[in-house]
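# Coordinate analysis (summary)
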Amino acid sequence: MSTTAEPVALGVSSPVADVVAKTTTTVANAIAKTVAVISSTVSTSSTTGATSTATATSTTPTSATPTTSTTFGYTPTPTPIQSASASLEDGGEKLSVKDLSQALQHFGIVDYLVFIAMLAVCAVIGFYFGFIEKKQKKQKLAGKDGGGAAGIEERRGSEALDYLVGGRQMKVFPVALSLVASFVSGISLLGTSTEIYVYGTQYAFILVTLAISGAISWYIFLPVFCNLQLTSTYEYFERRFSRRMRLFGASLFVLKAIIWLPIAVYVPALTFNQVSGIGIHTITPIVVIICTFYTCVGGIKGVVYTDVVQSVIMYGSLIVIMVKGTLDLGGFGTVWRINQEGGRLNTPEWTMDPTVRLSVFSVFVGGTFFKLQSTSINQATVQRFMSLPSLKAIKQTLFTFSIGLTLLYMGCVYVGLVCYATYYDCDPMSTGLAGRRDQLVPLLVMRVLGVVPGLPGLFVSAVFSAALSSLSTLLNSLAAVILEDFVKPRMGKSMKENHVALTMRVVVVTFGISSIFMVYVVEKLGMVLQLSATLQSSLYGPMLGIFTVGMLMPWVGEKCVFIGSIASFITMAWIAVNAQIANITGSFRHTKLPVSVENCEYDFDMSRYLNSTSEYEPHSGSSVYHMSFLLYAMLGALLTITISNLATFVYGRQDIKDVDENLLAPVVQRYLRKNNYYETVVLKKVEVAKLSESSD
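Note that the coordinates shown come from a computational prediction; the quantities given were computed from them, not determined experimentally. (Residues numbered from 1 in each chain as written. Predicted model: local features only at pLDDT ≥ 70, side-chain atom pairs only at ≥ 80, totals over all residues. Heavy atoms only, no water.)

### Here's the deal with the packing of helix α7 (residues 172–183) against helix α15 (residues 379–386)
Their axes nearest at 10 Å, the elements α7 and α15 cross at an angle of 170°. It follows from the interaxial angle that α7 and α15 lie roughly antiparallel. Each of V175, S178, L179 and S182 in α7 lies in contact with α15, whose residues at this interface are T381, R384 and F385. (Axes fitted to C-alpha atoms, helices over the stretch in contact; angles between N-to-C directions. Helix = DSSP H or I, 4+ residues; strand = E, 2+ residues; numbered from the N terminus. Parallel < 35°, antiparallel > 145°, perpendicular 65-115°, else oblique. Contact = heavy atoms within 4.5 Å.)

Dropping the structure here:
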């Protein structure tokens, strides 16, 4: 490593620590104030009953402990909705769905302040790294470096290297939290809980595949990326295959980003609409502008440290929802019993039928491929790992990230169980109280946390935090891919630093703004979790196959893998499009677990429920696009691998000795050395050494 490291690496007191300390103090003060409000609210509620502002009621399970004689059967602090129930019983009236929905939208001043504080912290962190920290770094380097060190510092302090990978001197824990925050988007926070409510705990078993995919990533993919020190993962395609393969891979990534960005924006906007009544297309521009600002000016450092704050908010909000939701229902035993009776505590089906949505095969085998393409070859993930200084730091980050991600997903799963235990005898979707399945969790939050000022704001902040972290990560990765794979190869050495800075920021702004308009398309499609997984897997499945061929199959040449990847991409795109068409038109739907409306205490359109019962009847399909969405990544990868190998019978096998061993996985390198494949070959290790030196 070079001795001219950044101030943090040299042990100099970093202003980041001051910012984190101030942020921590602010958060602590906010928590203290919230606790005071909670205490005040509980005290007031216990003496005076419910507030007079309540105007609605909703349905909840019958109490397991009859000693509490409220309408809802448990003894928490009465919410405004519960108070309305008592008054409605006296008046002999029932609210309509519309009135009840409006009553649930009580996003107060404290909630707005909590939400605004989160956005302000993100903006301040981005401003700090974009202006203050950058200026301080230039001043320190100017005073420290003489003319002889100018070359080294120019490489280390280059605009692209600092903006995209933080000078390759980021710290383990912030990067691990950043990976968790960016990996778990608002889609996961809401979609995973909704998945448990609708289909049961089958999906939770995919957590096992995190360990499997992490081990595969560590032993096969990450060592290659670490040794090559690539900013764009698709540069590997050019080194291993050709320039056109690099453009093909980068183009798929850009296409995936265009499709996925509006999905990530739509989820928090949906949540905000549920709790505040503000329209989706009103809040969407606000989300995008805030995210675009701190990503544009702060680079990857701004993204990573805002992710740290956002991940803390996500963990905190999940804990609050789990604890209070469980206590309101009468304890963990009640939650478990209701879900068990409702068939939600289920396991993947023991079948090899690919059309079964969540079978043992699709969850454990397909799920491993699904997680592998997310954690091993994804540009955003690899870019985070490449911001670390060593392979040891990457290993520590991967381990910490896996634990943090597992805990967060377990929290989402349990929130889904709490949601079903709350609405098991009055399904809000069937009655129209929740316009979409993805609004179930926000509805639960307003019911459970609405009594305490600030807690709904905390939840909304968590969903926005998840979305902002994913948005900023993808925007930063888009800047890296477009700069490294499309612009730099054409501009060459004539591209100046100010041109590099301008290009990256224009990319961030352009794609950020475009996602606003794509939201109109996304809101017409199906469940966001399945939609996201389907589109991502159909694009990244072929990509996983290309990397696998490149690192594990040195006998496959460029023409063969190009044909295999094109065929795989076209096939997967056809399957994904037809699957969504079938989902939208209703020609095929996976069978949902049954729900009930027998104890609803508000008026709703019964015909809506009767029309939805077809979703709970057994369905079967034989078409290939009826397959489980978890098998998309596996099918795409296997198609690429299989067709590429078959093409070698037409175009011939590549001479293994022509392949640089640094482009192969360590296990393949050891095998080839053992069998003396590289005995007479002059390897290209000099170029890799130079790359490593420049990265230091």
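### Quick word on the state of the cysteines
Evaluation of the coordinates by the stated rule reveals 1 disulfide. Note that C426 is cross-linked by a disulfide to C600, the S-S spacing being 1.9 Å. Linking C426 and C600, the disulfide has an S-S dihedral of approximately 115° and is accordingly described as right-handed. Within this pair, whereas C426 is found in the loop between α16 (391–423) and α17 (428–431), its partner C600 is found in the loop between α22 (558–585) and α23 (606–612), the two being separated by 174 residues in sequence. Each member of the pair C426 and C600 is classed as buried. (Disulfide = S-S within 2.5 Å. Buried < 20%, exposed > 50% of the residue type's maximum accessible area, 1.4 Å probe, protein only.)

### Quick word on the nonpolar core
Counting 170 residues, the largest nonpolar core has F221, F225, Y236, L478 and F547 as its most contacted members. Apart from residues lying up to four places away in sequence, F225 is in contact with L230, T233, S376, I377, V382, M386, F547 and M551. (Core = buried A, V, L, I, M, F, W, Y, C linked by side-chain atoms within 4.5 Å.)

### A look at the packing of aromatic side chains
Under the counting rule described, the total for this entry stands at 20 aromatic pairs. An angle of 65° between the planes, with centres 6.4 Å apart, marks the rings of Y236 and F237 as edge-to-face. In this pair, the class of Y236 matches that of F237, namely buried. Ring geometry for F332 versus Y414: centroids 6.0 Å apart, planes at 20°, classification stacked. Note that F332 is positioned in helix α13 (residues 332–341) and Y414 in helix α16, a separation of 82 residues in sequence. Overall, Y414 belongs to the buried group, its relative accessible area being 14%. (Phe/Tyr/Trp six-rings, centres within 6.5 Å; stacked < 30°, edge-to-face > 60°.)

### Details of the side chain of S387
Examined against the element boundaries, S387 turns out to sit in the loop between α15 and α16. Residue S387 is classed as buried on the basis of its relative accessible area of 0%.

### Concerning the packing of α15 against helix α19 (residues 455–491)
At a minimum axis distance of 9 Å, the contact between α15 and α19 shows a crossing angle of 85°. Here α15 is positioned roughly perpendicular relative to α19, judged by the angle of their axes. For the pair formed by α15 and α19, the contact residues are Q379, A380, Q383 and R384 on the first element and T473, N476, S477, A480 and V481 on the second. Looking at the contact of α15 with α19, its residues break down into 3 nonpolar, 5 polar and 1 charged. (Nonpolar A, V, L, I, M, F, W, Y, C, P; charged D, E, K, R; others polar.)

### Brief notes about the pattern of salt bridges
One pass over the full model with this rule turns up 13 salt bridges. Two residues, R239 and E235, come together in a salt bridge whose shortest N-O distance is 3.2 Å. Linking R239 with E235, this pair stays in helix α10 (residues 235–240), spanning 4 residues, or about one helical turn. Residue class for E235 comes out buried when judged on its relative accessible area of 18%. A salt bridge links R244 to E558; its shortest N-O distance comes to 2.5 Å. Of this pair, R244 sits in helix α11 (residues 243–276) while E558 is found in helix α22, placing the two residues 314 residues apart along the sequence. Salt bridges sharing partners connect three or more residues here, namely E238, R243, R246 and D485. (Salt bridge = Lys/Arg side-chain N within 4 Å of Asp/Glu carboxyl O.)

### Things to note about helix α24 (residues 632–651)
An α-helix turns once every 3.6 residues. As a result, residues three or four positions apart point the same way. An ideal rise of 1.5 Å per residue puts 28 Å on 20 residues; α24 measures up with 28 Å between its terminal C-alpha atoms. The complete set of buried residues in α24 reads Y632, A633, M634, G636, A637, T640, I641, S644, N645, A647 and T648. Backbone geometry just after α24 places G652 at a positive phi near 90°. (Expected span 1.5 Å × (residues − 1).)

### Things to note about the confidence of the model for the chain
Looking at the chain as a whole, the pLDDT averages 78, with 76% of positions reaching at least 70. Note on residues 1–17: pLDDT under 50 across the span, and 31 contacts to partners over four residues away in sequence or across chains. Low confidence marks residues 83–91, where pLDDT is under 50. Its contacts with residues over four positions away, or in another chain, come to 17 contacts. (pLDDT = per-residue confidence, 0-100.)

### Topic: a nonpolar patch on the surface
A cluster of nonpolar residues, I563, L646, F649, V650 and Y651, forms a patch on the protein surface that exposes about 570 Å² of accessible area. Sorting elements by how many residues they give to the nonpolar patch places α24 first, with 4 residues. Within the secondary structure layout, F649 lies in helix α24. (Patch = residues over 30% accessible without salt bridge, like charges linked within 9 Å, V, L, I, M, F, W, Y side chains within 5 Å. Areas by Shrake-Rupley, 256 points an atom, 1.4 Å probe, with all protein chains shown as cover.)

### Thoughts on unusual backbone geometry
Unusually for a residue other than glycine, Q229 sits at a positive phi of about 55°. Within the fold, Q229 resides in the loop between α9 (208–228) and α10.

### Observations regarding α7
Compared with the 16 Å implied by 1.5 Å per residue over 12 residues, the 16 Å span of α7 between its first and last C-alpha is a close match. With 10 of 12 residues buried, α7 lies mostly within the body of the structure. Buried within α7 are the following residues: P174, V175, A176, L177, S178, L179, V180, A181, S182 and F183. As for α7, its buried residues are in contact with α8 (186–199), α12 (280–329), α14 (360–375), α15, α16 and α19.

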